[in-house]
Structures are given as C-alpha cells and as structure tokens.
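Coordinates in review
Here is how the chains run, residue by residue.
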Protein chains: 6
Amino acid sequence: MKVTVNRKAHFNAAHRLFRPEWSDEKNLEVFGKCSNPHYHGHNYDVTVSVTGQVDQKTGFVMDMKELKDIIKTEIEDVFDHKNLNEEVPEFNSSASGLNPTSENIVVVIWKKLRPHINKSHDLAVTLYETPRNFVSFNGG
Amino acid sequence: MKVTVNRKAHFNAAHRLFRPEWSDEKNLEVFGKCSNPHYHGHNYDVTVSVTGQVDQKTGFVMDMKELKDIIKTEIEDVFDHKNLNEEVPEFNSSASGLNPTSENIVVVIWKKLRPHINKSHDLAVTLYETPRNFVSFNGG
Amino acid sequence: MKVTVNRKAHFNAAHRLFRPEWSDEKNLEVFGKCSNPHYHGHNYDVTVSVTGQVDQKTGFVMDMKELKDIIKTEIEDVFDHKNLNEEVPEFNSSASGLNPTSENIVVVIWKKLRPHINKSHDLAVTLYETPRNFVSFNGG
Amino acid sequence: MKVTVNRKAHFNAAHRLFRPEWSDEKNLEVFGKCSNPHYHGHNYDVTVSVTGQVDQKTGFVMDMKELKDIIKTEIEDVFDHKNLNEEVPEFNSSASGLNPTSENIVVVIWKKLRPHINKSHDLAVTLYETPRNFVSFNGG
Amino acid sequence: MKVTVNRKAHFNAAHRLFRPEWSDEKNLEVFGKCSNPHYHGHNYDVTVSVTGQVDQKTGFVMDMKELKDIIKTEIEDVFDHKNLNEEVPEFNSSASGLNPTSENIVVVIWKKLRPHINKSHDLAVTLYETPRNFVSFNGG
Amino acid sequence: MKVTVNRKAHFNAAHRLFRPEWSDEKNLEVFGKCSNPHYHGHNYDVTVSVTGQVDQKTGFVMDMKELKDIIKTEIEDVFDHKNLNEEVPEFNSSASGLNPTSENIVVVIWKKLRPHINKSHDLAVTLYETPRNFVSFNGG
C-alpha cells in the first residue's frame, strides 16, 4: 500500500536563457525577452513528492521534517536569492553549464535530491516558474 | 529523460446541460439547476500538459510561447466569451452536438490541441469548471 | 473596539453587457466581446464584510452562521445558476434594468444585504468577476 | 476513453500524533510538537478523483452532485469539527487505532469511499494537511 | 508619504467555543459544532500590516526580517501547535479567559504585537480561520 | 455612490537591494541576502485600484480594458523581464536612483499611473513581492 507525500518549498532567483555559442540575435530570436543579458527573475515554487510504503510504527512514508530539511540544504540554500547563471555551478555558462530553463532546473533539482531519498521510494519534482508555467520530472 | 511542461489558460463562457430529446422535466431531474434554459456560466481554467524529451540545444520540451499561441488560437479564441451550446459547433444541440459537461469539454479541447502537438509528445488536459470541480483527460 | 468579520460566498451566472437603447454596433464598440448577445458567464466570488463592536458574551461581531444564511437567501439563491439579464429583476433590460457590470452588481448586492444587517454595523461588499477583475462598495 | 472527475471538500479537525505504547519523551522525539497532548488542528482539504468512461447519455463519468453527497456523508459528517483521536473510531488510540498521520488519514478516507464508487471506476484521494504538506493514495 | 507593508504568517491550533458559565445545551445552541468539548482545529493565517513613512536611507517602512521575527516570537511560538483554550493564557477558561472566537483572537494578536511596533506606525491584523471566514482589527 | 474597481497585473524582474555609498559589508548587514551583487528576482503581482462614481450610461467607474492597457504600457512594458537596478531609470544606482525595495517600487508605480487616471478618481496600488510580503500605497 503506497502513499505519496508532498512537500512544497520555494526560492527566489535571477536567471537568463541563452546559449553562449549563439549570437545575441539568435538568443533573442529563440528565447525572446527571457534572454535579456541583465537577467530577470522569479519566485520559484517547488513540490517534492516521495512515494513509498507507510511505516507501521510511525504512520509515515517519510518524516516530513526530514524531507523539509533535505530540501532546505540541497535546494533552498543553493538556489535562494541567487543568480542561477552566475552562482549555481550546473548552469554556469562559462563552464558549459546547462541553460537554466524550467526543464533543466527541475531535472537538476531531482538529481540533487535523489541520493538523499530512501532507495525504495520513488521521487518526483514539480517546479513552478510562474503560476501559469510549470514543469515536472519523475526520473523517467 | 522525459519532462512534462504545463501551461495554464482560461476562458469565460455560458452553457447549460441538457439533452434535446428529453423533456424539460427529465432534464431538470438529471441536471438540476445546471439545465436552466436561460444558461449560466463559468470562469473556466485549463491546464495543458505536454510530455517529451528535453531538447539538448534549447533546454525546452516545447517552446512555451508556441504552446501559449496554440492554446490561444485553438481554445481561447473559440471558447472565450461564448455560449458553448449556441456558438461552439461541437456542442450545438440543434445539430446533435455533445452536452457541454466538463467531461465532454475536456475531451473536445484535447482533440482540438492534439494535431498541433508534436506526435512524439504526450498530451493531457485538465479543465476547472469551478475551483472545486475539475476534470482531466490524457487521450487514454 | 471594532472588528470586521468577513464571509466569502460564490455563485455562477451568465450575463452580457449592453444598453437596449444603443445599436448592436455601439454596444460592441463600448463593451467589446462582453456584449455577445448569446451571453457568456463567470464564477463570481463575493466577500461580505461587517464591522462592529465585539459582543462581550459571545465574542462575536455577528454570528457567522447567520451571515452565511443571509448571503444564501438574499444572494446565492437569487443569482446562482441564473442569467442576470433575464432572470434577476434589477438587471432586466426589457424593464429598464441596470447593465450588469461588476460595479452595478456589487451595489445591488450591498442594497439587498443592508436591511438584514444590524443598523449599528457597517457593511462592505467585494465582488470578483474573475481573479484579476474585482470591485468593492461600502455604501459611501 | 476515460476521464477523471475531481471534487474538492474540506473539514476542520483536531488531532495529535502519538503511539500509546511509547513514552511521552519518545513521542516528542519522533513527532515533535505534533505530539502535543492538548492537541492542535488543521483545515483539511480533500480532493476525490474518480476515473471512468463518460456516459454517452449524460456526458458524466459520475454525477458530481452524487459524489458531493457521498463525500458529505462518508467524510465531512464523520471528520468535520471532530477530534480525530477521540471521536473517529479508526484513530482511537485506546482501541489500538491508527496514528492520525496524513498518510493514515488518506488511506482511511479512500477505504470509506471505495464501496460507494462504481466498481468499474478507479478512485484516488489527495489530502492537504496544510497548503505545503499533502498526501495522495490511489489504492495501489 | 505613507506606505503599508504586510507580512503573512500562520499557525495550526485546536480550540473550542464555549462559555464556562453556560450549560452544555446553551453552548451547543449558540456555538453549534464549534462547541465540541473534544476540540477541533484550524490552519490559521495571519496578515500583519504596518503603515508608516518610508525611511530615505533604507527604502523600508520597517525591516521585514525584523517584522517576521517579531511575529515568530510573539505569535507563532505562542499559538502554533497549541490548544488555545488550554495553553494560551488569554483564552484559559478556568481563569475567566476570553472565548477564542476569531474576533477575540485577532484583538489578542494585535495587543501582543503593538508594543513591538514603532509608536509612529499604525498596525492592523487580519486573521483567517478558514479561507472563507476571516476577521480584521486595526486598534480602532 | 463610489465604487472601487481593481485590476491585477504582473511582471517578472531581477533586482538587488543596496546603497552605492555604503560598503559591501554594510549593505550585507542591512539588506542580508537581498543585497547579493549578482541579483535575484521575483514574480511581482500588482493590484491597481481606482475609486470613483459609477457612470450611469456604461455602468463603469472606468473601462477595465482601458485600465488594463494603461497598466501594460506604463508598468508591464517597463518592468517585465527587466533588471530594475540596471534598466529602470528610477532605480538606476549609478544615477542616484532609489533602492528598489517594495516600498519604493509601489510608490514609483503609483506615480507612473496617476497622470493616466481621471483626476476625480482615487488611486491605490498594492505590490506583491512574494505571496507573503506585500505593500500598498494610496498617495497619502
């Protein structure tokens, strides 16, 4: 009998979408105003979902306080009030980092959390860039 | 590695639930106040979800501006500030149209969007008739 | 020591904006797609706010169950699943009714509630036509 | 062609997390402030999701009024304005009841609803303990 | 030139409405299911609003981190995961405490915060007992 | 008889809080992580509120399409997907601009809108930096 537990978190960050090997014109054409070289930013909301058996003693799939602490250490402390392109290594463009689209960010978050979640549990992450644009990834 | 991208849209429309071959009494019995012949209406919210591989160049499953434009042309321009029973052909009761329940509307939306989405991508649609009543369809 | 108590309610209704003495062209020019003769509709949310002294015995400004019942009888039963232009007398255009704009609706709601609220209490009403368009009236 | 219909409901309840065979110290260590012997409480939100074929006559997977009534009788009348540990038999600790964690509550809700839903339909339940902590169960 | 700054906080608590000098029957008659002797509970949301001149150096009416800390110490640490009737002195019924209605709680919160806010600033507090029932108090 | 009409808009922007004449240490001490030299960002929500008499012909205080257009031209086109410190003149620190705190931004928005609103109408603006931190200004 498997239950999914979900915990919401959030961080505020600056970013821009661009590929360093493309000209400014091509970046503007593909990414529009999201390629602004001066950056823009978002209040990102994250929902982390862990699926597994309910422990008969505690009634927990996983202690939510523990999940909250993992999200704080692995995600909020790394992303909050940061410039994703400049300060988060996975997206550092001068070191062939990923373009910080929502799709790439949600995969990076999933990979950072996966080692800290019980191996017998499934993990999925949903990332809201705005209330109208959001993405999700379950490792598949 | 597949990611789901989601985009929210909305439209305001009038409708009534009824079957033309039934008497007014039977329509009232089955559909209650939703069968009011003078119509009532809703602020419909729609979430369109597209699942596929992340493009290595752009970092996109699909360009959200393109998805936004498809939703505008195929859904918002057709449904917004309209009377679903009178003005949307799929629900036109004098031409044996469907009863505009949430279930039938969400399937119609899915069918209108499907030809415009990359064939290798999966499509799902969620339609909120009110914040407390909503439906979803993934083609299955 | 005055406290304001607030109660949210909602109703779903159809309407159109138009003035019967104007031509269709002029109605379209002034009211845009809101003048569609086939109607469109909304999930209206209403917040009713009553300000007054806190009763020392009960700790209430006003019993919220009583306020909930007044809103049900005076507003929800009259407006919910109705066509405002056709079925609510204040907006009946064939009888020189008001144009059912949010501004006119919120004033009508306030006037319908006022006689049922203690005279020593202040009354304000906020009406959401959509999450992004809303109006308020306090009788002033 | 299967569609999922969803209905939201809610109830306000008190509870505490604890295991009667553990000492107060161990309960505090495992459950933190949630083990407060004087109880605390929540506004619980519930989303009930039913998946099935759309009826060709009505355009319904299931009549939402009927689903609303089932939720009222089976869930809201039993849980609303109650102390889960003291007044809901499944969680009565003096009778070896379950610990009222979100995980255990969502499974109990699912089991109480399942017999009232058409056997050919799938059932899933999501329970929000707070806007940031929520759980879901689909019987699997 | 005065600006209002607002900060949201929340706490989860149990309570019951009743007056110790009334019989159980009268309490039930006046307070309905809210008088359940076993308690029920809520996720309370609080918005604290401070109005004053904008400091020319910092651009702040008041440092939001400082306001957040005051709310934590004075409100969240005192009310969160507590039984208001049993554990918050202002509402302790065996010591002629106030009935913990939303009205009385919002006044108590205002009085607890007022000494910690600059005297030249105005203070208002809004308390949500549920998303549909809320109260506000500005000291007036 | 005055009614208030409200319209919500939003923009996504990057910013940092700092005073150019202060050392990095003092900026960090006063503004904390909000002073990060690489910037961070927000999804800002804005509510614009206009109070005035209801026009007897149209039933409008002000045409909401006109208000929407003013907000787009004066606010969204200027602030959306921009770096407030680098690209919005009022906050340009190399030209003794204001520190882009929420308080200063809401006053700038009010001043940019005021000339475009009928002189006999009152204007108020609320700015959400996050769902938990927001400010409002009515010119007073």
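Residues numbered from 1 in each chain as written. Chains lettered and ligands numbered in written order. Predicted model: local features only at pLDDT ≥ 70, side-chain atom pairs only at ≥ 80, totals over all residues. Heavy atoms only, no water.

Within chain A, the secondary structure is distributed over four helices and five strands. Of the regular secondary structure in chain A, the N- to C-terminal order runs β-α-β-α-β-α-α-β-β. Each principal axis of the C-alpha distribution contributes one length, and for chain A these read about 60 × 30 × 25 Å. By the burial criterion, 59% of the 140 residues in chain A qualify as buried. For chain A, the proportion of contacts with a sequence separation of at least 24, taken over those separated by at least 6, is 65%. Taken together, the 17 basic and 19 acidic charged side chains of chain A have centroids lying 5 Å from each other. (Helix = DSSP H or I, 4+ residues; strand = E, 2+ residues; numbered from the N terminus. Buried < 20%, exposed > 50% of the residue type's maximum accessible area, 1.4 Å probe, protein only. Contact = heavy atoms within 4.5 Å. Lys, Arg positive; Asp, Glu negative; His and termini not counted. Charge placed at Lys NZ, Arg CZ, Asp CG, Glu CD.)

Tallying the contact residues gives 21 residues for chain D and 21 residues for chain E. Taken over both partners, the interface formed by chain D and chain E buries close to 1700 Å², and the fraction arising from carbon and sulfur atoms is 51%. Contact with chain E buries area across many residues of chain D, yet His38, Asn43 and His81 of chain D alone supply 35% of it, more than any other trio. A salt bridge links Asp80 of chain D to Lys33 of chain E, with the nearest nitrogen and oxygen atoms 2.7 Å apart. Here chain D and chain E share 15 residue pairs in polar contact (both at pLDDT 80 or more) between them. Secondary-structure elements contributing two or more residues to the side of chain D that touches chain E are β1 (2-15), β2 (40-53), β3 (82-83), α3 (84-87) and β4 (122-130) of chain D. When the residues that make up the side of chain D that touches chain E are grouped by side-chain class, the tally is five nonpolar, 10 polar and six charged. (Buried area = accessible area lost by both parts, 1.4 Å probe. Salt bridge = Lys/Arg side-chain N within 4 Å of Asp/Glu carboxyl O. Polar contact = N/O pair within 3.5 Å; in protein donor to acceptor, adjacent residues only side chain to side chain. Nonpolar A, V, L, I, M, F, W, Y, C, P; charged D, E, K, R; others polar.)

This part covers the interface of chain C and chain B. The accessible area lost on association of the parts is a frequent measure of interface size. Listed per partner, the contact involves 21 residues of chain C and 21 residues of chain B. Summing both partners gives a buried area of about 1700 Å² for chain C against chain B, and 50% of it is carried by carbon and sulfur. The largest share of the area that chain C buries against chain B comes from His38, Asn43 and His81 of chain C, three residues that together contribute 35% of it. Counting across the interface, chain C meets chain B through two salt bridges. The interface formed by chain C and chain B holds 15 residue pairs in polar contact (both at pLDDT 80 or more) in total. Elements that contribute at least two residues to the side of chain C that touches chain B include exactly β1 (2-15), β2 (40-53), β3 (82-83), α3 (84-87) and β4 (122-130) of chain C. With four residues, β2 of chain C is the single largest residue contributor to the side of chain C that touches chain B.

In this section: unusual backbone geometry. The backbone phi angle of Tyr39 of chain D is positive, close to 75°, even though this residue is not glycine. Positionally, Tyr39 of chain D belongs in the loop between α1 (24-31) and β2.

Copy one and copy two of the chain differ by a rotation about an axis and a translation along that axis. With an axial shift of 0.0 Å and an RMSD of 0.0 Å, the rotation relating chain D to chain E amounts to 180°. Both copies are brought into coincidence by an operation consistent with a two-fold rotation axis. When you check the interface residues of chain D against chain E, 100% turn up at the interface there too, and the contact is symmetric in its surfaces. (Least-squares fit on C-alpha atoms with pLDDT ≥ 70 in both.)

Right, let's talk about the environment of Ile105 of chain C for a bit. All names here are of chain C. Topologically, Ile105 is positioned in helix α4 (residues 102-113). The class for Ile105 is buried, based on a relative accessible area of 0%. Linking Ile105 and Tyr39, residues 66 residues apart in sequence, is a C-alpha distance of 16 Å.

Further remarks concern the confidence of the model for chain A. Fine structural detail should not be taken from predicted coordinates in areas where pLDDT scores are low. Per-residue confidence for chain A averages 96 on the pLDDT scale, and 100% of its residues sit at or above 70. The ipTM, which scores confidence in the relative placement of chains, is 0.95 for this predicted complex, and the corresponding pTM is 0.96. (pLDDT = per-residue confidence, 0-100.)

Another point: the packing of helix α2 (residues 64-79) of chain D against helix α4 (residues 102-113) of chain D. All names here are of chain D. Two elements in contact, α2 and α4, have axes whose closest approach is 10 Å; the angle formed by their N-to-C orientations is 140°. By the criterion of interaxial angle, the relationship of α2 to α4 is oblique. As for the relative orientation of α2 and α4, their crossing is right-handed in sense. Contact residues: Ile70, Ile71, Glu74, Ile75, Val78 and Phe79 in α2; Ile105, Val108, Ile109, Lys112 and Leu113 in α4. Taken together, the residues of the contact of α2 with α4 sort by class into nine nonpolar, no polar and two charged. (Axes fitted to C-alpha atoms, helices over the stretch in contact; angles between N-to-C directions. Parallel < 35°, antiparallel > 145°, perpendicular 65-115°, else oblique. Left-handed = near helix turned anticlockwise from the far one by under 90°.)

Further remarks concern helix α4 (residues 102-113) of chain F. Residues and elements named next belong to chain F. Between its terminal C-alpha atoms α4 stretches 16 Å, which fits the 16 Å expected from 12 residues at 1.5 Å a residue. Within α4, 11 of the 12 residues are buried, which leaves it mostly tucked inside the rest of the structure. Residues of α4 that are buried include every one of Ser102, Glu103, Asn104, Ile105, Val106, Val107, Val108, Ile109, Trp110, Lys112 and Leu113, and no others. (Expected span 1.5 Å × (residues − 1).)

Turning our attention to the environment of Asp80 of chain A. Residue position: Asp80 of chain A is located in the loop between α2 (64-79) and β3 (82-83). C-alpha of Asp80 of chain A to C-alpha of Lys112 of chain A: the two residues are 32 residues apart in sequence and 15 Å apart in space. Every residue in contact with Asp80 of chain A, bar those within four places of it in the chain, is listed here: Phe11, Asn12 and Ile75 of chain A together with Lys33 of chain F. Reaching out from Asp80 of chain A, the side chain makes a polar contact with the side chain of His81 of chain A at a distance of 3.1 Å.

Right, let's get into the pairing of strand β1 (residues 2-15) of chain F. Buried residues dominate β1 of chain F, accounting for 11 of its 14 residues. Where strand β5 (residues 133-137) of chain C lies against β1 of chain F, four bridges are found, and the strand directions are antiparallel. The residue of β1 of chain F that forms the bridge with Val135 of chain C is Val5 of chain F. Across 14 bridges, β1 of chain F lies against strand β2 (residues 40-53) of chain F in antiparallel orientation. Following the sheet pairing, Ala9 of chain F is matched in β2 of chain F by Val46 of chain F. As judged from the two bridges shared by β1 of chain F and strand β3 (residues 82-83) of chain F, these two strands associate in the parallel manner. Looking across to β3 of chain F, one finds that Ala14 of chain F is bridged to Asn83 of chain F. (Pairing = 2+ DSSP bridges.)

Let us look at the pairing of strand β4 (residues 122-130) of chain B. All names here are of chain B. Of the pairings in the sheet, the one linking strand β2 (residues 40-53) to β4 comprises seven bridges and is antiparallel in character. Paired with Thr47 across the bridge in β4 is Thr126. As paired strands, β4 and strand β5 (residues 133-137) are joined by five bridges and run antiparallel to one another. Note that in β5 the partner of Thr130 across the bridge is Asn133.

This brings us to the pattern of salt bridges. Residue and element names in this part refer to chain B. Considering all chains together, one arrives at 30 salt bridges over all chains under this definition. Between Lys65 and Asp63 there is a salt bridge whose closest N-O contact spans 3.5 Å. Taking relative accessible area as the criterion, Lys65 reaches 40% and is therefore assigned partly exposed.

The next point concerns the packing of aromatic side chains. In total, this model carries 36 aromatic pairs over all chains according to the counting rule given. Chaining the aromatic ring pairs together yields one cluster made of Phe11, Tyr44 and Phe79 of chain A. Sitting over the ring of Phe18 of chain C, Arg16 of chain C keeps its end group 3.8 Å from the ring centre. When the ring centre of Trp22 of chain F is taken as reference, the NZ or CZ atom of Lys26 of chain F above it lies at 4.4 Å. (Phe/Tyr/Trp six-rings, centres within 6.5 Å; stacked < 30°, edge-to-face > 60°. Lys NZ or Arg CZ within 6 Å of the ring centre and 35° of its normal.)

This brings us to helix α1 (residues 24-31) of chain F. Within α1 of chain F the residues assigned to the buried category are Asn27, Val30 and Phe31 of chain F. Buried positions in α1 of chain F, seen along its axis, are confined to an arc of 80° and lie on one side of it. Summarising the geometry of α1 of chain F, the exposed residues directed more than 90 degrees from the buried face are Glu25, Leu28 and Glu29 of chain F. Elements that come into contact with the buried residues of α1 of chain F comprise α2 (64-79) of chain E. (Arc of directions from axis to C-beta.)

This next bit is on the side chain of Arg7 of chain D. With respect to the secondary-structure elements, Arg7 of chain D resides in strand β1. In terms of polar contacts, Arg7 of chain D uses its side chain to reach the side chain of Asn133 of chain B, at 2.7 Å. In contact with Arg7 of chain D, not counting residues within four places along its chain, are Arg132 and Asn133 of chain B together with Val46, Thr47, Val48, Met64, Leu67, Lys68 and Ile71 of chain D.

Another point: the side chain of Asn83 of chain A. Considering the arrangement of structural elements, one finds Asn83 of chain A in strand β3. Excluding anything up to four places from it in sequence, Asn83 of chain A contacts Ala14, Tyr39 and Val88 of chain A together with Asn36, His38 and Tyr39 of chain F.

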